[in-house]
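# Overview (structure and organization)
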Amino acid sequence: MAAKSKTALVLHGGAGLLADRSYAQEITHMRSLAEEGRERLKHGESALDVVVEIVRNLEASGFYVAGKGTAPNAAGRYELDAAVMKGDTREAGAVSALEGFLSPIQVARAVLERTPHVLLSGGGAAEFAREAELEPVRDPVGYYVPAAVADDRAIATGTVGCVALDSEGRLAAATSTGGTLRKRWGRVGDTPIIGHGTWADERVAVSCTGQGEMFMRACAAADVSARMRYAGADLKSAVQGALDDVKRLGGDGGIISVGADGEIAALYNSPGMKHAIVHPDGEITADVT
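Presented here is a report on the structure given in the accompanying data block. (Residues numbered from 1 in each chain as written. Predicted model: local features only at pLDDT ≥ 70, side-chain atom pairs only at ≥ 80, totals over all residues. Heavy atoms only, no water.)

### Structural notes on the sheet that holds strand S9 (residues 253–259)
Backbone hydrogen bonds hold the strands of a sheet together, and the pairing may be parallel or antiparallel. Spatial ordering of the open sheet is given by S7-S8-S9-S10, a layout of 4 strands whose pairing is antiparallel. For this open sheet the edge positions go to strand S7 (198–200) and strand S10 (264–268), each flanked by a neighbour on one side alone. On average, each strand axis in the sheet is inclined to that of its neighbour by 10 degrees, with strand direction left out of account. Where strand S8 (residues 204–210) and S9 come together, 7 bridges link them in antiparallel fashion. The residue bridging Cys208 from the neighbouring strand is Ile255, located in S9. (Pairing = 2+ DSSP bridges. Helix = DSSP H or I, 4+ residues; strand = E, 2+ residues; numbered from the N terminus. Axes fitted to C-alpha atoms, helices over the stretch in contact; angles between N-to-C directions.)

This is the structure we're talking about:
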């Protein structure tokens with residue numbers, strides 16, 4: 001019988017911090033999810049299943065600018081984005097400007113598994129979610145509780161994401177967001193654009209958080225893999241290079257990633273990034289710096 005691969009996982013709750021605010025509840029929450037993810041991977045669950053479940057829990061918590069923690073856009077509407085990608089097959093599913101459903105990441109997974117498409121948007125994404133019988137938000141005003149990071153003093157970058165390597169050596173990435181604070185109706189950021197905010201292939205799984213427009217212009221998520229493939233960069237150098245390109249364009253944020261060998265990189269050029277790591281030896285670390 002072939003030996004099982006080492007496993008690893010990283011999750012994030014967004015880049016950017018407020019100086020006068022404690023993030024103790026988010027750190028505690030992310031650590032608990034990291035522990036759950038470690039056990040799931042230990043028991044042989046697929047990277048895809050694990051990243052979707054972790055992100056679903058991040059969405060449902062209300063602690064981040066994703067899912068329940070989403071703030072309304074400039075038109076008073078709740079439009080959410082999400083994406084998921086399998087590294088071994090490069091199958092992907094995503095939704096953008098989705099309204100009216102509890103878990104955008106579950107809708108994105110349904111796009112991956114039940115359609116020949118990669119990205120569905122707006123009303124079409126919502127109609128598909130209804131057809132897939134995914135759970136709706138019945139009272140948007142009563143359900144959404146904008147996370148405290150969505151504040152006038154900072155750009156809201158509370159996107160959530162998770163990347164994982166499972167015991168069969170498969171990689172997967174998932175990302176979900178409510179987008180930037182007071183965004184224009186119809187604005188779509190990097191999160192659901194495959195290769196920009198979310199990426200997984202045979203080398204690496206990547207989830208980004210930050211100023212989406214700059215990550216889009218840098219094609220940041222897929223750039224990490226490209227730097228490894230074409231330049232022979234190690235994972236941390238590749239992630240740092242992609243972040244440096246984002247910074248050169250005037251943006252900041254963070255990138256979490258895990259390689260096929262279990263190497264991990266969680267780097268940022270913003271004032272901190274909420275994240276937790278399950279290292280290949282099983283150790284868990286969680287912090288905002």
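This is not the end of the story, as more comes after the structure.
### Overview of the state of the cysteines
By definition, a disulfide links the sulfur atoms of two cysteines through a covalent bond. Counting across every chain of the model gives 0 disulfides. Left without a disulfide partner, Cys162 is nearest to the cysteine sulfur of Cys208, which lies 14 Å away. Assessed through its relative accessible area of 0%, Cys162 is described here as buried. With no disulfide partner, Cys208 has as its closest neighbouring cysteine sulfur the one in Cys219, 9.6 Å distant. (Disulfide = S-S within 2.5 Å. Buried < 20%, exposed > 50% of the residue type's maximum accessible area, 1.4 Å probe, protein only.)

### Regarding helix H2 (residues 47–61)
Compared with an ideal rise of 1.5 Å per residue, which puts 15 residues at 21 Å, H2 spans 21 Å between its outermost C-alpha atoms and is within 8% of the ideal. For H2, the tally of buried residues reaches 11 of 15 residues, placing the bulk of the element in the interior. What H2 keeps buried is the set Ala47, Leu48, Val50, Val51, Val52, Glu53, Ile54, Val55, Asn57, Leu58 and Glu59. In this structure, the buried side of H2 is in contact with strand S1 (8–15), helix H1 (24–42), strand S2 (80–86), helix H3 (104–114), strand S5 (160–165) and strand S6 (171–177). Where H2 ends, the next residue or the one after it, Gly62, has phi of about 80 degrees, a positive value. (Expected span 1.5 Å × (residues − 1). Contact = heavy atoms within 4.5 Å.)

### Things to note about the environment of Thr70
The residue Thr70 is located in the loop between H2 and S2 in this model. Considering only alpha carbons, one finds Thr70 and Leu11, 59 residues apart in sequence, at a separation of 18 Å. Once you skip the residues sitting within four places of it in the chain, Thr70 turns out to touch Tyr64, Val65, Tyr78, Leu80, Tyr144, Pro146 and Gly178. At 2.9 Å, the side chain of Thr70 and the backbone oxygen of Gly67 are in polar contact. (Polar contact = N/O pair within 3.5 Å; in protein donor to acceptor, adjacent residues only side chain to side chain.)

### Remarks on the sheet that holds S2
Read from one edge to the other, the open sheet built from 8 strands follows the order S4-S3-S2-S6-S5-S1-S11-S12, with strand pairing classed as mixed. The strands lining the two open edges of the sheet, one partner per strand, are strand S4 (119–121) and strand S12 (284–287). For this sheet, the mean angle separating the axes of adjacent strands, direction not counted, is 5 degrees. In the packing of H2 onto the sheet, contacts are made with S1, S2, S5 and S6, and the angle to S5 comes to roughly 160 degrees.

### Looking at the packing of aromatic side chains
Scanning all chains against the criterion turns up 3 aromatic pairs. Both rings, one in Phe63 and one in Tyr64, keep their centres 6.1 Å apart while their planes meet at 75 degrees; by these two values the pair is edge-to-face. For Phe63, a relative accessible area of 24% translates into the label partly exposed. A relative accessible area of 0% places Tyr64 in the buried class. Where Tyr143 meets Tyr144, the ring centres are 5.1 Å apart and the plane angle is 75 degrees; that geometry is what we call edge-to-face. Among the aromatic residues, those joined into a ring-pair cluster are Tyr78, Tyr143 and Tyr144. (Phe/Tyr/Trp six-rings, centres within 6.5 Å; stacked < 30°, edge-to-face > 60°.)

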